[in-house]
Amino acid sequence: MKRFFLIFIFLLICFSLNAQTIRDMKIYVPPVLGEGRAGDSNFFYQQLTYEVIYQQHSLVRASAGSDFTLRGSIAPEPVNGSRNYSFYLELLKSSTNEVIASQHVVYYLIDTSVVSLLSSMAYNMLSSLPTVFGADDWRENHLFLDAGLLWAPRLYFAAENQSINWMNIGLGFSGEYHFNRLMAAGIGLQFSQDWIVISQVNSIEHRDLLLDIPLLFKFVFKPGDLMFEPYTGLSLNLSLMQITQPSLLSWLVGMQLGVKAGPGSLVIDPRFAMDLYSSSVPSLEYNRYTIQVGIGYKFGFLPKTSARDY
């Protein structure tokens, strides 16, 4: 166990050495404001989204997840008696709404010359953007897998007997699916021991190896560069050595905190679990309570698509 622990810590340190790399620019294109002739605003919006994708930038769904915003608007040309319209294009830094560049084109009807001018305007703005370093958001995946070590002190309460197993070290593996921006479902496999002391004087004790299968419902929050997941659920408890008879089900509540480390994240996972039924050994029934702290590494798969179809 000691050798495994040292290897595990070494791997965590290696994953944490994350060199910065160039990543895709994230551009948000809001609906075009104003309306010239029928369909003009929709045309300009589609052309802008096309230009972003054509120049190999990432088109994102909201300003909050973007580096820059490409904003368009239509207004009548401010000249008396004119039947022309002006299309205004602005490039903004999304975090501050600071206008970095702006251009406009005057048109009467949309034709190939307008398309060509719009393409040139978008190209000039987007090609001048600075290079952005850093990895893509490690939290924007549908599927996550993690593995880690567990410290799980277990308390045993019977009518005339109480004992605590402080040195309960285990292994845990889990996966979760993020089916919603704010919610996820998870399942895991955990290996730990049951060690209940009946009598210290007579050295009567029972040790068993357990397999716990937690089924979790999680809420997902992503403040800053963290991923915070409070959760609750049930655990199916099975004895692998058939020495004890643990409660078939336990209720649990906890929270997992993930911090960027290499291609994934380092996670800390405190948890409390309480059996729903009595557990037993020969001649004794008891209730179990577990306080668990896990530390591990979590890796995401199946990235969420950020481009929108139109």
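Residues numbered from 1 in each chain as written. Predicted model: local features only at pLDDT ≥ 70, side-chain atom pairs only at ≥ 80, totals over all residues. Heavy atoms only, no water.

Draft legend 1. Quick peek at the sheet that holds strand S4 (residues 85–93). Across the sheet, which stays open at both edges, the five strands sit in the order S2-S1-S3-S4-S5 with mixed pairing between neighbours. Each of the sheet's edge strands pairs with one partner strand only, and the pair in question is strand S2 (58–60) and strand S5 (98–107). On average, each strand axis in the sheet is tilted by 25 degrees relative to the strand beside it, whichever way the strands run. The strands that helix H2 (residues 40–54) touches are strand S1 (26–28), S2, strand S3 (68–76), S4 and S5; relative to S3, the one it contacts most, it runs at about 155 degrees. (Pairing = 2+ DSSP bridges. Helix = DSSP H or I, 4+ residues; strand = E, 2+ residues; numbered from the N terminus. Axes fitted to C-alpha atoms, helices over the stretch in contact; angles between N-to-C directions. Contact = heavy atoms within 4.5 Å.)

Draft legend 2. Inspection of the pairing of strand S6 (residues 141–151) at higher detail. Judged from the ten bridges that link them, S6 and strand S16 (residues 284–303) form a sheet pairing that is antiparallel. Looking at S16, one finds that Leu150 is bridged to Gly294.

Draft legend 3. Representation of the pattern of salt bridges. Using the criterion set out here, one finds eleven salt bridges in the structure. The partner of Glu140 in a salt bridge is Lys222, with the nearest N and O atoms 2.9 Å apart. Here Glu140 is found in the loop between helix H3 (112–127) and S6, whereas its partner Lys222 is found in the loop between strand S11 (204–219) and strand S12 (226–239), with 82 residues between them in sequence. What makes Glu140 partly exposed here is its relative accessible area of 30%. With relative accessibility at 23%, the residue Lys222 sits in the partly exposed group. (Salt bridge = Lys/Arg side-chain N within 4 Å of Asp/Glu carboxyl O. Buried < 20%, exposed > 50% of the residue type's maximum accessible area, 1.4 Å probe, protein only.)

Draft legend 4. Quick peek at unusual backbone geometry. You will see that Ser283, though not glycine, has its phi angle at about 75 degrees, which is positive. Note that Ser283 resides in the loop between strand S15 (279–281) and S16. Within the chain, Leu302 stands out as a residue other than glycine whose phi angle is a positive 55 degrees. Relative to the helices and strands, Leu302 is located in strand S16.

Draft legend 5. Molecular detail of the packing of H2 against H3. Interaxial distance between H2 and H3 falls to 10 Å at its minimum, and their mutual angle equals 45 degrees. When the interaxial angle is binned, H2 and H3 end up oblique. Note that H2 runs across H3; the crossing there is right-handed. Two secondary-structure elements touch here, H2 through Phe43, Phe44, Gln47, Leu48, Glu51 and Val52 and H3 through Val114, Val115, Leu118, Ser119, Ala122 and Leu126. Within the contact of H2 with H3, the residues separate by chemical class into nine nonpolar, two polar and one charged. (Parallel < 35°, antiparallel > 145°, perpendicular 65-115°, else oblique. Left-handed = near helix turned anticlockwise from the far one by under 90°. Nonpolar A, V, L, I, M, F, W, Y, C, P; charged D, E, K, R; others polar.)

Functional significance is not addressed by these values, which are geometric in nature.
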